[in-house]
Amino acid sequence: PNPSTGIFNVVNDKEVVLIEVLNTQGQLVRSIKTNQNNVQVDLNQEAAGMYYIKVYQANQDIKTTKINLIK
């Protein structure tokens, strides 16, 4: 969901190999390697604000979305 309180799922129709969470300055906050298409991401330790979620798929597609983390 957007906004999120910190825990959300990345659900994709294709296998995901990497999820990157970046802050608005483009700094990497979290990197999750996986081989699944449903991954839970926990940002409870991060400050409230806007984050970008980059999802790298096994077929080399990259999807990016924004999430507003609220506390």
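Structure's up top.
The sections below set out a description of the structure shown in this document. What you see is a predicted model, and the numbers here were worked out from it, not measured in a lab.

Quick look at the overall build of the chain now. Scanning the chain for helices and strands turns up 0 helices and 6 strands. Taking the principal axes of its C-alpha atoms as reference, the chain extends roughly 35 × 20 × 15 Å. Taken across its 71 residues, the chain has 35% of its residues classed as buried. Put simply, of all contacts in the chain between residues at least 6 apart along the chain, 54% involve residues at least 24 apart.

A word on the nonpolar core. Across soluble globular proteins, nonpolar side chains show a tendency to be buried alongside one another. Within the largest apolar cluster, 14 residues are counted, with the highest numbers of intra-cluster contacts made by Phe8, Val10, Ile19, Val21, Val41, Leu43 and Ile53. Of all the secondary-structure elements, those providing two or more residues to this core are β1 (7-11), β2 (16-23), β4 (38-42), β5 (49-57) and β6 (62-69). Contact partners of Val10, with chain neighbours within four places excluded, come to Ile19, Asn37, Asn38, Val39, Val41, Ile53 and Val55.

Moving on: the pattern of salt bridges. In this structure the tally under the stated criterion is 2 salt bridges. For Lys14, the salt bridge is made with Asp13, and the minimal N-O distance between the two is 3.9 Å. For the salt bridge of Glu46 with Arg30, the shortest nitrogen-to-oxygen distance reads 3.2 Å. On the criterion of sequence distance, the pair formed by Glu46 in the loop between β4 and β5 and Arg30 in strand β3 (residues 28-33) is long-range, its members being 16 residues apart.

Bringing the pairing of β1 into the picture now. Burial along β1 is one-sided: Phe8 and Val10 are buried, and none of Ile7, Asn9 and Val11, which face the opposite way, are. For β1 and β4, the ladder comprises 5 bridges, and the chain directions are antiparallel. Of the residues in β4, the one forming a bridge with Asn9 is Gln40.

Below, the discussion takes up unusual backbone geometry. Although it is not a glycine, Gln60 sits at a positive phi angle of roughly 75°. Among the residues examined, Gln60 registers a relative accessible area of 72% and is labelled exposed.

What follows concerns the sheet that holds β5. By definition, the strands of a sheet pair up through backbone hydrogen bonds, in either a parallel or an antiparallel sense. The strand order β3-β2-β5-β6 describes an open sheet built from 4 strands, whose pairing is antiparallel. Strands with a single pairing partner mark the edges of an open sheet, and in this sheet they are β3 and β6. Neighbour to neighbour, the strand axes of the sheet diverge by 20° on average, direction disregarded. With 7 bridges connecting them, β2 and β5 associate as antiparallel partners. Across the sheet, Leu22 pairs through a bridge with Tyr52, a residue of β5.

Criteria and thresholds
Residues numbered from 1 in each chain as written. Predicted model: local features only at pLDDT ≥ 70, side-chain atom pairs only at ≥ 80, totals over all residues. Heavy atoms only, no water. Helix = DSSP H or I, 4+ residues; strand = E, 2+ residues; numbered from the N terminus. Buried < 20%, exposed > 50% of the residue type's maximum accessible area, 1.4 Å probe, protein only. Contact = heavy atoms within 4.5 Å. Core = buried A, V, L, I, M, F, W, Y, C linked by side-chain atoms within 4.5 Å. Salt bridge = Lys/Arg side-chain N within 4 Å of Asp/Glu carboxyl O. Pairing = 2+ DSSP bridges. Axes fitted to C-alpha atoms, helices over the stretch in contact; angles between N-to-C directions.

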